[in-house]
Structures are given as structure tokens and as C-alpha cells.
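Chain by chain, the residues:
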Amino acid sequence: MSGGEGAVMAPTTQIDLSIDDDAEFKAELKSDGAARALVIACGALAREIVDFRAMNDFIHLDITCLPAKLHNRPQLIPQAVGDKIRANKGKYHSIYVAYGDCGTGGTLDKVLEEEGVDRIGGPHCYAFYTGQSAFEAITDDDPTSFFLTDYMVRHFDRLIIEGLGLDRFPELRDDYFGNYTNVIYIAQTRDADLEAKAEAAAERLGLGYIYRHVGFGELEAFLETAAASSDKG
Amino acid sequence: MSDDEIDLKALSDDDLVGQMHDDLYDGLKDEIAEAVMILLDRGWEPYKVLTVALVEGMRIVGIDFRDGILFVPEVLQSANAMKGGMTILRPLLAETGAPRVGKMVIGTVKGDIHDIGKNLVTMMMEGAGFEVIDIGINNPVENYLAAIEEHQPDILGMSALLTTTMPYMKVVVEAMKEKGIRDDYVVMVGGAPLNEEFAMAVGADAYCADAAVTVDMAQEIMKRRHNQRGADPRPA
Ligand code: B12
């Protein structure tokens, strides 16, 4: 990773990513006209991308996110991403999309092809955090794992317990997780609190617990490319 | 019984069926089981209870799910309520010689363990008079071939919810071709990320967006099959 302490950051607008704050779902980080590249990301990646940008002083990279809850309605993602691209096209030299296929069955890629915009490779965030081939190796061997990222651990109650209605109908546990054996926490950061939370989450779901630190995985190179293109201008 | 609870026994047949549609919508398992027993006591044929009360109720649930009014947890609650009613009816249906429309083998493909949609399809197909053999999740091609051979269904159904697993459907279709049995069966596919174009590309006969469409299409297909067989001078 590049950059160091005390680097001068360009003025930014709207950066409030406190945990359990809705801001995480609709983060926006703009360097007020200085940046030449924009990353359009899923809200579930917002905090990680913002942190990564800060760690590396990618000050010329703007970030805008779509609501993470689109996850559960993937059919809405292609249109939403397309709209964001069109709204920003004139303002940037290049635009990058930090979304997996995310269950759009190739329709997101069709939109991106029409717009001439690249996205990070892979079917979903679990795969690009872990690395495509490493992810395949885990799931080919045994597809009965349920993956948690830092984001999902932070918002486990909201996303999984409330999102799947397990708070209202705990009896649905087997309908959802009856086929699963383990939770695999693919961690982006090393954080003892999150680890404890992930382990408690596995217990809550009645599943075994496996920890793997994978970091930002392929997202790292993707953001570096985006930042480099901005600097080249 | 509490004061605000409805006495199901006091309702006319029509009102009771209406109430069952509401109770299915609200996922009230015990109430559905009770109402099924009441209708049977009143001399309703099990098949009529199934279609008029349960299947019609789930059809309404399906419409509101499609339109984004109901969500997965609510649909699961409704499905579980219907399952309770089906458990009572299933043995009776067999005894009373309810119509058998056709046979289907269904399973989720290898690498994929999503099964909520598949289970709904199974239930609604059963409700429509199909015999359904559900081979579960994470099925390699061998499982499909073995189930086809054993059960000789009219329809093979495959489900996938992951973009990484949906191409596996083609593996199964190709294996059927290789064995020279592809055209003996109707291949239907489904799952949220699929579409018509994809279904055709993997060599399936039909793509269905939800359980209700699946039932309609399967019934249509069975009619066509019967007509074809009727017109065919060779023995079926
Ligand atoms: C509920 C759900 C889960 C539940 C599954 C519980 C279960 N027992 O099935 C849980 C939370 C456990 C889960 C796990 C995972 N999931 Co999931 N899941 C979903 C979700 C939100 C809804 C799916 C669903 O059940 N819908 C309700 C049913 C009724 O609809 P349906 O399945 O489409 O079925 C209908 C039709 O399609 C059709 N149909 C279905 N099958 C068939 C078959 C035939 C023959 C026919 C004719 C018709 C038909 O009729 C059905 C009834 O109307 C989707 C998002 C979405 N909205 O699609 C993500 C989604 C499919 N999951 C996804 C992912 C990534 C995963 C995980 C890898 C996540 C993780 N953290 O580990 C694991 C996968 C593990 C594995 N190997 O399979 C992604 C897939 C992304 C991609 N690129 O493919 C999605 C799209 C979410 C997302 N945007 O990230 N998931």
C-alpha cells in the first residue's frame, strides 16, 4: 500500500460512516471537482472502499454508492447502476463499477457494455474478497457454507435476523439454514470485536464457525487501477 | 378460544374458504389445519379442499410476492401453513383417486443450496395434481439421470439461484442428449437470475418466472403431450 501519514486530503463532502448509521448504505465521497475517476459501488462495500481510499491517499478518486438493500432485489441493480453512470458520465474521465454480477444473471454486464464501463470481476463480493479461485476451491469442496463479510457482521441483526424475518418468525431458521453447516467469516480487517460478533452470529444461526482473514482481496487491485486512471487523467 | 378469534365452525362454506385464504396469507398454520378438517367433515372431497381453499389461497400469496407486497419470510410462513393442510390431505388424496396430471422430478443444481423457490414450485405442482419427486439441493448430473431413470417423469425441473451455478443446467441437458433421452422429457428451468433467453441457450424447453406460471405451463405441456400421443399411431 502506498501513501503515508499527514498527506494532504482534498476537501471532501459527506463522509459519515459511523457504524449502524444509514450513511453506510448511501455513502458519497466527492473531492469537489478534483477527481477524474469515479467508483460507483454497492453500499455493502462503501465503508471498506472509503477506508481503503484513506489508507492509500487516493485523493483523486470519488466514490458514490447505491443502497446495499438492492442486494435482495438484484433485478433492480442494472437500471440503478445505469442511471448513476449516465448521471455522472460528463463529470469524469473514467467510471468504474464495484459490483459483482450480484445475481443479475448477466443483465448488469449488458448495461455496462452499452455504457462502456468496467466492473470488478466475479459473481459477488464474497468471491472477489476471497479471490475467485480461492472462493471456488472452498465452495467446490463443500457448498454448505454461509459467508459473512465485515459489513455483514457489523449489520448482522439488521441484514440477516430482521432481513430474513427471523426476529418475527424464529421458526423459519430451518427453512433458511437447514442445509448449512458453517459460517465462514471472511474478514476484511483484523478486529477482535467483529470476530466475537461473527462467532456469536454463527451460534445464533446454529452453525459452526470458521475464521479466515482475506483482506480486501481483488478489490484492492481494482481500486488501484481506478485511482491510477484518475491520476493519469 | 379468545373473544376476538373467529369460530371457524360457525362459518358457511364460502365464508370459511374466504377465511382460509386470509389465514394462508397470514401464515396461520393451526387455523388452516382446523379449517381443512372442518371442510372434510362437511363432506368436501379432499381434492376440492386442496384446489379451492389451499391452492387458490397460495396463488393470491404468489401474486402479492411477485408484486413486491409480500416478502420471502411471509411467503415461507404461508407455505408452511399450506404444508400443514397438505399433510392432512395427502393420504386422503391417494385414497380418493384424485386426478394425476403428470410426474415431475425437480432439484437444485450442483453447487447451489438455495431451495425456497424449488420447494414452492414442488408444493404448487403437487397442489395441481402432479406427482413430484424432489431430489433436493446440490445435485450433480448423476443424480438427475438416476432420478429420471428410476421415476420416468414427464418433466425434469432444475432450479438455480447463483450465476455461478446456473450454467450447470446445460451440463445436465447435454448429458441427456448424449444418452439419447433428451426428447423423452420436458425440461423446465427456473430461479431468480434466469430468463427465457438463458433457458433456450442451455437447451431447456421452458423457463418459468414463478410457481403459478410453472403450474400453468406444466398443465399446458401435459395436454399437448396427451394430444400428441393420441394422434400418434404408435403405442405411447
Ligand atoms: C433467501 C436467499 C438466501 C437464503 C437461502 C435459503 C434457502 N434455503 O434457500 C440464504 C440466506 C441462506 C442464502 C445463502 C446464500 N446466498 Co442467497 N439469496 C436469497 C435471496 C434473498 C432470495 C432467494 C429466494 O429464496 N427467493 C424466494 C423464492 C420464492 O424465489 P425464487 O427462488 O426466485 O423461486 C421462484 C422462481 O424463480 C421460480 N423457480 C425457482 N426454481 C424453479 C425451478 C423450476 C423448475 C421452475 C420451473 C421454476 C422455479 O419459482 C419460484 C417460486 O415462485 C436472493 C436474492 C433474490 N431476491 O433473488 C439471494 C441470492 C440468490 N443469494 C446470493 C448469494 C451470493 C448467496 C450466498 C453465497 C451468500 C453467502 N453469504 O454465503 C449463499 C449461497 C450458498 C449456496 N452455495 O447456495 C446472491 C447470488 C449472487 C450471484 N451472483 O449469483 C443473491 C442474488 C443475493 C445477492 N444479490 O447477493 N441466500
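For the structure, see preceding data.
Structural notes, computed from the coordinates. (Residues numbered from 1 in each chain as written. Chains lettered and ligands numbered in written order. Predicted model: local features only at pLDDT ≥ 70, side-chain atom pairs only at ≥ 80, totals over all residues. Heavy atoms only, no water.)

A tally of helices and strands in chain B yields 9 helices and 5 strands. Reading chain B from its N terminus to its C terminus gives the helix and strand order α-α-α-α-β-α-β-α-β-α-β-α-β-α. Against the compact-globule benchmark of 18 Å for 236 residues, chain B has a radius of gyration of 19 Å, which places it among compact chains. In terms of overall dimensions, chain B has C-alpha extents of about 65 × 45 × 25 Å along its principal axes. A buried classification covers 49% of the 236 residues belonging to chain B. Considering only intrachain contacts with a sequence separation of at least 6, the fraction spanning at least 24 residues in chain B is 71%. (Helix = DSSP H or I, 4+ residues; strand = E, 2+ residues; numbered from the N terminus. Rg over C-alpha atoms; globule rule 2.2 N^0.38 Å. Buried < 20%, exposed > 50% of the residue type's maximum accessible area, 1.4 Å probe, protein only. Contact = heavy atoms within 4.5 Å.)

No protein donor other than B:His114 (NE2) coordinates the cobalt atom of the ligand, and that contact is at 2.3 Å. As for its position among the elements, B:His114 is in the loop between strand 1 (102–108) and helix 5 (116–127). (Donors = N, O, S within 2.8 Å, 3.2 Å for Na, K, Ca; no water.)

If you check the shell around the ligand, you find 44 residues, and the closest are A:His71, B:His114, B:Asp115, B:Ser159 and B:Thr163. The site occupied by the ligand is bordered by residues of chains A and B. Taking A:Gly103, its main chain carries an N or O atom lying 3.0 Å from a nitrogen atom of the ligand. A distance of 3.3 Å separates a nitrogen atom of the ligand from a polar atom in the backbone of A:Tyr176. For the shell around the ligand, the secondary-structure elements that each account for two or more residues are strand 6 (145–148) and helix 8 (173–177) of chain A together with helix 5, strand 3 (155–159), strand 4 (186–190) and helix 9 (211–231) of chain B. Of the residues forming the shell around the ligand, the biggest block, 4 residues, is contributed by helix 5 of chain B. (Near = heavy atom within 4 Å. Polar contact = N/O pair within 3.5 Å; in protein donor to acceptor, adjacent residues only side chain to side chain.)

What follows concerns helix 9 (residues 192–205) of chain A. Residue and element names in this part refer to chain A. Counted at 1.5 Å a residue, the expected span for helix 9 with its 14 residues is 20 Å, and the 20 Å between its end C-alpha atoms agrees. Those residues of helix 9 not exposed but buried are Leu194, Ala198, Ala201, Ala202 and Leu205. On an axial view of helix 9, the arc spanned by its buried residues comes to 100°, and they lie on one face. Exposed positions of helix 9 whose direction lies more than 90 degrees from the buried face are Ala192, Asp193 and Glu203. For helix 9, the elements touching its buried residues are strand 6, helix 6 (150–154), helix 7 (156–162), helix 8, strand 7 (182–187) and strand 8 (208–213). Measuring from the backbone nitrogen of Asp193 back to the side-chain oxygen at the start of helix 9 gives 2.9 Å, which picks out Asp191 as the cap. Phi turns positive one or two residues past the end of helix 9, at Gly206, with a value near 70°. (Expected span 1.5 Å × (residues − 1). Arc of directions from axis to C-beta.)

Okay, empty space enclosed by the protein next. Residue and element names in this part refer to chain A. Applying the stated criterion to the full structure yields 1 cavity of 30 Å³ or more. Of the voids in this model, the largest cavity is the one considered here, and its volume is about 60 Å³. As for the largest cavity, its lining consists of Cys42, Ala44, Leu45, His71, Ala98, Tyr99, Gly100, Cys102, His124, Cys125 and Phe128. Among the residues forming the lining of the largest cavity, the class breakdown is 8 nonpolar, 3 polar and no charged. (1 Å grid on protein atoms, 1.4 Å probe; cavity = no way out; pocket = protein on both sides within 12 Å on 5 of 7 lines; lining within 4 Å. Points joined across faces, edges and corners; volume = space filled by probe spheres on them. Nonpolar A, V, L, I, M, F, W, Y, C, P; charged D, E, K, R; others polar.)

All names here are of chain B. In terms of burial, strand 3 is largely enclosed, as 5 of its 5 residues are buried. Here strand 3 shows no split at all, with Ile155, Gly157 and Ser159 on one side and Leu156 and Met158 on the other all buried. Summarising the sheet, strand 1 and strand 3 pair through 5 bridges and their orientation is parallel. Residue Met104 lies in a different strand from strand 3, and its bridge partner there is Ile155. Bridge analysis of strand 3 against strand 4 gives 5 bridges, and the strand direction is parallel. Across the sheet, the residue bridging to Ile155 is Val186, located in strand 4. The β-α-β motif built from strand 3, the intervening helix 7 (residues 168–178) and the parallel element strand 4 has right-handed crossover chirality. (Pairing = 2+ DSSP bridges. Right-handed = clockwise from strand over helix to strand, strands pointing away.)

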